[in-house]
Amino acid sequence: MNPRPTTAPAISTTSSTWQLGDRTVNRLGFGAMRLTGTAPFHHGVPRERERSIGVLRRAVELGVNHIDTAAFYFSATRSANELINRALAPYPDELVISTKVWPGRDPSGGWWWASPEQLRGQVEENLRQLGRDHLDVVNLRVPPSRRTGSIGEHFGALAELRDAGLVRHLGVSHVNAEQLAEARAIAPVVCVQNPFGIGAPDEDRALLRLCGQLGIAFVPFFTIAGARQESGPADEEHEEVRAVARAHGVSAAQVRLAWTLQQGPHVLAIPGTGDPDHLTENMASGALRLSTEELEILNSVRPESN
């Protein structure tokens, strides 16, 4: 049996919390996508297994109690879910693990999208890999082809799995305001997980504000990477971000995370890394406070193009 991680004081200000349904989480969490290799999925070089396990355990020691993952976060030799299981089971009572379904990957890494009837299999896959009898939060990750279409049939299938006790809470990912309203008419939505960061367009900022008005957690991803998404942060950075970073003696990534957390008390950050030094840096961002003037400067950054 693996030793259960001990709880240690976080180096960041993790006393700021928000609710995911009936679960309380610190607003600075952890994303598991980069645990499997130097680049996500089948790209990059696989990470050393014990190093990734150590990063997970250290994250919990530093105050992380919200981990975002997915069954499709795997490489040829590593699975994020199985690394989480190996590192953290038996799980601390306060730990919340969120996952996502609708996209899937076959054993060779090829992508596919589940039908409503196939969502149960994807939920059960996450249960097996994580070694759990229910999932804390499952996000319905909407494919690009549905960004303006109905998600009701798929979300309704997830709601049935919630009623059956396989899922505790539901969220939505990559959605617009209309899709959020459609989902909320079917079952409670505890979080919206969308790409968001410095330079986000006005419609994305409006959705973030809407979530705050509704009391729903907004969980942005690609906060550090920006328009490069899975490729990671670009070598070139906005001068506005660099200037604020210089003023505080921190990295641009830390500024991006601090800016994200200051967008509202309902905003949760889930930066991911397989590097222990980057983990320490990310967690320190929770203690970084940007001035009103600095926030205005960063808010003036124009939307990034993909």
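Quick caveat: nothing in here was measured; it's all calculated off a predicted structure.

Participant: Where do I start with the pairing of strand β5 (residues 96-101) in this structure?
Facilitator: Side-chain direction in a regular strand flips from residue to residue, so the side chains alternate between the two faces of the sheet. In terms of residue burial, β5 counts as a mostly covered element, since 6 of its 6 residues are buried. As judged from the 3 bridges shared by strand β4 (residues 66-68) and β5, these two strands associate in the parallel manner. Bridging from a neighbouring strand, Ile67 pairs with Ile97 of β5. Note: β5 against strand β8 (residues 135-141), 4 bridges, orientation parallel. Paired with Thr99 across the bridge in β8 is Val138.

Participant: When you look at the pairing of strand β2 (residues 23-26) in this model, what are you seeing that I'm missing?
Facilitator: As defined by bridge partners, strand β1 (residues 17-20) adjoins β2 across 4 bridges and the pair is classed as antiparallel. Each residue of the ladder has a partner; that of Thr17, found in β2, is Asn26. Between the end of β1 and the start of β2, which pair antiparallel, lie 2 residues, with Gly21 showing a positive phi angle near 65°.

Participant: Can you walk me through the sheet that holds strand β10 (residues 191-193) in this structure?
Facilitator: Sheets are built from strands that pair by backbone hydrogen bonding, the pairs being arranged parallel or antiparallel. With parallel pairing, 7 strands are arranged side by side in an open sheet as β3-β4-β5-β8-β9-β10-β11. Pairing within the sheet leaves two strands with one partner each, and these edge strands are β3 (30-31) and β11 (217-218).

Participant: Could you clarify how one ought to interpret the pattern of salt bridges in this entry?
Facilitator: Pairing between side chains of opposite charge can happen when the charged atoms of each approach one another. Evaluation of the coordinates by the stated rule reveals 11 salt bridges. As a salt-bridge pair, Asp163 and Arg162 come within 4.0 Å of each other at their nearest N and O atoms. For Asp163, a relative accessible area of 62% gives the class exposed. For Glu239, the salt bridge is made with Arg242, and the minimal N-O distance between the two is 2.6 Å.

Participant: Help me out: how do you make sense of helix α3 (residues 119-130) in this one?
Facilitator: Note on helix geometry: an α-helix contains 3.6 residues per turn, so any two residues three or four positions apart are oriented the same way. In this model α3 runs 17 Å from its N-terminal to its C-terminal C-alpha over 12 residues, within 8% of the 16 Å that 1.5 Å per residue would give. Along α3, the residues classified as buried are Leu119, Gln122, Val123, Asn126, Leu127, Gln129 and Leu130. Once α3 ends, the next one or two residues include Gly131, with phi positive near 70°.

Participant: How should the nonpolar core be read in this particular structure?
Facilitator: A general trend in soluble globular proteins is that nonpolar side chains are found buried together. Residues Leu20, Phe30, Ile84, Val123, Leu158, Val172 and Val192 are the most contacted members of the largest nonpolar core, which totals 92 residues. For this core, the leading source of residues is helix α8 (residues 252-261), giving 6 residues. Each residue touching Val192, except ones within four places of it in the same chain, is listed here: Val172, Val175, Leu180, Leu207, Cys211, Ile216, Ala217, Phe218 and Val219.

Participant: What should I look at first to understand the confidence of the model for the protein in this one?
Facilitator: Atom-level detail of predicted coordinates should not be read off regions where pLDDT is low. Within the protein, residue pLDDT values average 91, and 91% of them lie at 70 or more. Across residues 1-15 the pLDDT falls below 50, and counting only partners more than four positions away or on other chains, this stretch makes 42 contacts in the model.

Participant: What am I meant to see in the packing of aromatic side chains here?
Facilitator: Aromatic ring pairs: the centre-centre distance and the angle between the two ring planes describe each pair. Considering all chains together, one arrives at 7 aromatic pairs under this definition. When the ring of Phe196 is compared with that of Phe218, the centres are 5.6 Å apart and the planes differ by 85°; the resulting orientation is edge-to-face. Taken as a pair, Phe196 in the loop between β10 and α6 (202-214) and Phe218 in strand β11 lie far apart in primary sequence, 22 residues in all. Each of the two residues, Phe196 as well as Phe218, counts as buried. Plain terms: the ring middles of Phe196 and Trp259 are 5.7 Å apart, the flat faces sit at 15° to each other, and that makes the pair stacked. Taken together, the residues span a long stretch of sequence, with Phe196 in the loop between β10 and α6 and Trp259 in helix α8 at a distance of 63 residues. A network of ring pairs unites the aromatic residues Phe41, Phe72, Tyr73 and Trp111 as a single cluster. Here Arg105 stacks its cationic end above the ring of Trp111, 5.5 Å away from the centre of that ring. Note that Arg132 overlies the ring of Tyr91, its terminal NZ or CZ placed 4.9 Å from the centroid.

Participant: I would appreciate a short explanation of helix α7 (residues 239-248) in the present structure.
Facilitator: Looking only at α7, the buried set comprises Val241, Val244 and Ala245. Summarising the axial view, the buried residues of α7 lie within an arc of 100°, below the 170-degree limit, and thus occupy one face. Along α7, the residues that are exposed and aim more than 90 degrees away from the buried face are Arg246 and Ala247. Where the residues of α7 are buried, they touch α8 and α10 (292-299). Once α7 ends, the next one or two residues include Gly249, with phi positive near 65°.

Definitions and cut-offs
- Residues numbered from 1 in each chain as written.
- Predicted model: local features only at pLDDT ≥ 70, side-chain atom pairs only at ≥ 80, totals over all residues.
- Heavy atoms only, no water.
- Buried < 20%, exposed > 50% of the residue type's maximum accessible area, 1.4 Å probe, protein only.
- Helix = DSSP H or I, 4+ residues; strand = E, 2+ residues; numbered from the N terminus.
- Pairing = 2+ DSSP bridges.
- Salt bridge = Lys/Arg side-chain N within 4 Å of Asp/Glu carboxyl O.
- Expected span 1.5 Å × (residues − 1).
- Core = buried A, V, L, I, M, F, W, Y, C linked by side-chain atoms within 4.5 Å.
- Contact = heavy atoms within 4.5 Å.
- pLDDT = per-residue confidence, 0-100.
- Phe/Tyr/Trp six-rings, centres within 6.5 Å; stacked < 30°, edge-to-face > 60°.
- Lys NZ or Arg CZ within 6 Å of the ring centre and 35° of its normal.
- Arc of directions from axis to C-beta.

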